[in-house]
Amino acid sequence: MTLVKWIEFRVIGDGRGDLVALEGNKNIPFVIKRVYFLKNMKSDHPRGFHAHKKLKQIMICLAGTCQMLLDNGRSKESIQLNSFSKGLVIENMIWHEMHDFSEDCILMILADEFYDEQDYIRDYQEFISLVQLEV
Ligand code: TYD
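What you see is a predicted model, and the numbers here were worked out from it, not measured in a lab.

Asker: Please explain the state of the cysteines as it appears in this structure.
Answerer: In protein chemistry, a disulfide is the covalent bond that joins the sulfur atoms of two cysteines. Per the counting criterion, the structure on display carries zero disulfides. Left without a disulfide partner, Cys66 is nearest to the cysteine sulfur of Cys105, which lies 4.5 Å away. You can call Cys66 buried: its relative accessible area is 1%. Note on Cys105: no disulfide assigned, nearest cysteine sulfur contributed by Cys61 at a separation of 4.2 Å.

Asker: Just checking my understanding: could you explain the nonpolar core for this structure?
Answerer: Within soluble globular proteins, side chains that are nonpolar generally end up buried alongside one another. Core analysis: the biggest nonpolar cluster contains 19 residues, and Met59, Met68, Leu81, Leu88 and Leu107 have the highest contact counts within it. Top element by residues in this core is strand β7 (residues 66-71). It accounts for three residues. Aside from chain neighbours lying at most four places away, what touches Leu88 is Val4, Lys5, Trp6, Gln57, Ile58, Met59, Met68, Leu70, Ile79 and Leu81. One finds Ile7, Ile28, Phe30 and Met108 within the second-largest nonpolar core, a separate group that totals nine residues.

Asker: Any chance you could explain the site of the ligand here in plain terms?
Answerer: Every residue close to the ligand is listed here: Arg34, Tyr36, Arg47, Gly48, His50, Tyr115, Tyr120 and Arg122. In the environment of the ligand, an oxygen atom lies 3.0 Å from a nitrogen or oxygen atom belonging to the backbone of Gly48. A distance of 3.1 Å separates an oxygen atom of the ligand from a polar atom in the side chain of Arg122. When isolated, the ligand has an accessible area of 540 Å², and the protein chains bury 61% of it. Put simply, the parts of the chain that give the shell around the ligand at least two residues each are β4 (34-38) and β5 (47-52). Residue classes in the shell around the ligand are distributed as three nonpolar, two polar and three charged.

Calculation rules
- Residues numbered from 1 in each chain as written.
- Predicted model: local features only at pLDDT ≥ 70, side-chain atom pairs only at ≥ 80, totals over all residues.
- Heavy atoms only, no water.
- Disulfide = S-S within 2.5 Å.
- Buried < 20%, exposed > 50% of the residue type's maximum accessible area, 1.4 Å probe, protein only.
- Core = buried A, V, L, I, M, F, W, Y, C linked by side-chain atoms within 4.5 Å.
- Helix = DSSP H or I, 4+ residues; strand = E, 2+ residues; numbered from the N terminus.
- Contact = heavy atoms within 4.5 Å.
- Near = heavy atom within 4 Å.
- Polar contact = N/O pair within 3.5 Å; in protein donor to acceptor, adjacent residues only side chain to side chain.
- Areas by Shrake-Rupley, 256 points an atom, 1.4 Å probe, with all protein chains shown as cover.
- Nonpolar A, V, L, I, M, F, W, Y, C, P; charged D, E, K, R; others polar.

Taken by themselves, the reported measurements are silent on function.
In structure tokens form, the structure reads like this:
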């Protein structure tokens, strides 16, 4: 499985601005049950540091930039989010951390399930143990 998977969106741009449409089971590969967004992050306060047992998410950087670290327990990759025209797929069982937020960074996340704290793995060693059990 490749760690970094992007979905490119069609940007409908004209003299009035840019429009991107997101549709469940069309350009988003699941039925969207939840949307949340993050803003006013601090560059020295990274977020995330968890994986989800089942949840699948798409993260879109609507403004600004940040670094995203993805880790499947075997390899890690760090990439920059800097475009509203593509979404980063965050599969289940991927440890993820967001770092180095620009002041104007706004992240929007689409999720295939409602919020459920029981779905979170917030302990890295527990994450590694669960990944090893899967092999
Ligand atoms: P958390 O997932 O820890 O944020 P991050 O991964 O960005 O560091 O969530 C922060 C708080 O917000 C935590 O108390 C749970 C709550 N929360 C909700 O109530 N609903 C949601 O959909 C999400 C994502 C978080």
